[in-house]
Amino acid sequence: MDLRKNFPRSMRVKLEGYVHLARMIDKCRAVLAGTEGEYIYPCPMDERLMEFAGVTADQFTVAVRANPTDEGVAAWFQQAAKPHAPADLEEWNQKLLRRGPSSPESMERFKKYRDAVDRSRTDLTAWSDLQDLEEGRTVPRRS
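Residues numbered from 1 in each chain as written. Predicted model: local features only at pLDDT ≥ 70, side-chain atom pairs only at ≥ 80, totals over all residues. Heavy atoms only, no water.

Colleague: In this structure, what is going on with the nonpolar core? I would like to understand it.
Modeller: In summary, soluble globular proteins display a tendency toward joint burial of nonpolar side chains. Core analysis: the largest hydrophobic core is formed by 33 residues, its most contacted members being Tyr18, Leu21, Met24, Leu49, Phe60 and Phe77. Within the residue set of this core, elements represented by two or more residues are β2 (18–19), α1 (21–33), α2 (44–53), α3 (57–66), α4 (70–80), α5 (86–98) and α7 (127–134). Not counting residues within four places of it along the chain, the set of residues in contact with Leu49 comprises Tyr18, Val19, His20, Leu21, Met24, Phe77 and Trp92. (Core = buried A, V, L, I, M, F, W, Y, C linked by side-chain atoms within 4.5 Å. Buried < 20%, exposed > 50% of the residue type's maximum accessible area, 1.4 Å probe, protein only. Helix = DSSP H or I, 4+ residues; strand = E, 2+ residues; numbered from the N terminus. Contact = heavy atoms within 4.5 Å.)

Colleague: For this particular structure, what's the right way to read the packing of aromatic side chains?
Modeller: Aromatic ring pairs are reported here in terms of the distance separating the ring centres and the angle at which the planes meet. Across all of its chains, the model carries 8 aromatic pairs by this definition. Considering the side-chain rings of Tyr18 and Phe52, the 6.5 Å spacing of their centres and the 70° angle between planes classify their relative orientation as edge-to-face. Taken together, the positions of Tyr18 in strand β2 and Phe52 in helix α2 put the pair 34 residues apart, joining distant regions of the chain. Neither Tyr18 nor Phe52 differs from the other in exposure class; each is buried. Given a relative accessible area of 15%, Phe52 falls into the buried group. An aromatic cluster of at least three residues, connected via ring pairs, comprises Tyr18, Tyr41, Phe52, Phe60, Trp76, Phe77 and Trp92. (Phe/Tyr/Trp six-rings, centres within 6.5 Å; stacked < 30°, edge-to-face > 60°.)

Colleague: Would you take a moment to explain the packing of α1 against α2 for this structure?
Modeller: Relative orientation of the contacting elements α1 and α2 amounts to 120°, with a least axis distance of 10 Å. As far as their axial angle goes, α2 and α1 are oblique. Crossing angle aside, the handedness with which α1 passes α2 is left-handed. For the pair formed by α1 and α2, the contact residues are Leu21, Met24 and Lys27 on the first element and Asp46, Leu49 and Met50 on the second. Each residue belonging to the contact of α1 with α2 can be placed in one class, and the counts come to 4 nonpolar, no polar and 2 charged. (Axes fitted to C-alpha atoms, helices over the stretch in contact; angles between N-to-C directions. Parallel < 35°, antiparallel > 145°, perpendicular 65-115°, else oblique. Left-handed = near helix turned anticlockwise from the far one by under 90°. Nonpolar A, V, L, I, M, F, W, Y, C, P; charged D, E, K, R; others polar.)

Colleague: I keep staring at the layout of surface pockets and nothing clicks. Help me out?
Modeller: Summary: where empty space remains is shown by rolling a probe the size of a single water molecule over the atoms. One number sums up the size of the largest pocket: a volume of about 700 Å³. Broken down by secondary-structure element, the contributors of at least two residues to the lining of the largest pocket are α1, α2, α6 (104–118) and α7. Residue classes in the lining of the largest pocket are distributed as 9 nonpolar, 4 polar and 9 charged. (1 Å grid on protein atoms, 1.4 Å probe; cavity = no way out; pocket = protein on both sides within 12 Å on 5 of 7 lines; lining within 4 Å. Points joined across faces, edges and corners; volume = space filled by probe spheres on them.)

Colleague: Would you mind going over the pattern of salt bridges with me for this structure?
Modeller: A side chain of one charge can pair with a side chain of the opposite charge when the charged atoms of the two come close. Counted according to the given criterion, the structure contains 15 salt bridges. Asp70 is paired through a salt bridge with Arg9; the nearest N and O atoms lie 2.8 Å apart. With Asp70 in helix α4 and Arg9 in the segment before β1 (14–15), this pair connects stretches of sequence that are 61 residues apart. Here Asp70 falls in the buried class, since its relative accessible area comes to 17%. The partly exposed category is assigned to Arg9, whose relative accessible area is 22%. Among the salt bridges present, the one from Lys14 reaches Glu90, with a minimum N-O distance of 2.6 Å. Residue Lys14 is found in strand β1, and its partner Glu90 is found in helix α5; the two are separated by 76 residues along the sequence. What makes Lys14 partly exposed here is its relative accessible area of 45%. Taking relative accessible area as the criterion, Glu90 reaches 29% and is therefore assigned partly exposed. Residues joined in a network through salt bridges with shared partners are Arg12, Arg23, Asp129, Asp132, Glu135, Arg137 and Arg142. (Salt bridge = Lys/Arg side-chain N within 4 Å of Asp/Glu carboxyl O.)

Right, here's the structure in full:
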């Protein structure tokens, strides 16, 4: 069984309406436990979510340490985060899920990671798809 399919969760998993929040919780817990392996917390995607929500990595880490359940962290996040209209939150979610490399250097890293997993997947342009592919999740072919 490929454990990467279950840890960390895909950034597509929504918690309290936010994509990536469940994944960020998983990675933060792993860092706190010293079991993060190759995963990075906080990574640039984590920082984008925290910036959008108006919380810091230190605040988030304290909340994860203090709340043993996803529900507890999610409740804290919902209370601490800047309020966003549902439509604005969904627009931000979709933007994060579509986000691809933003510089030539980033594109080179993207291609390197993609090619190490499946060189034929030149249809992939988003980091979220690449993460899912790397972690053994099914990623539909894009046209």
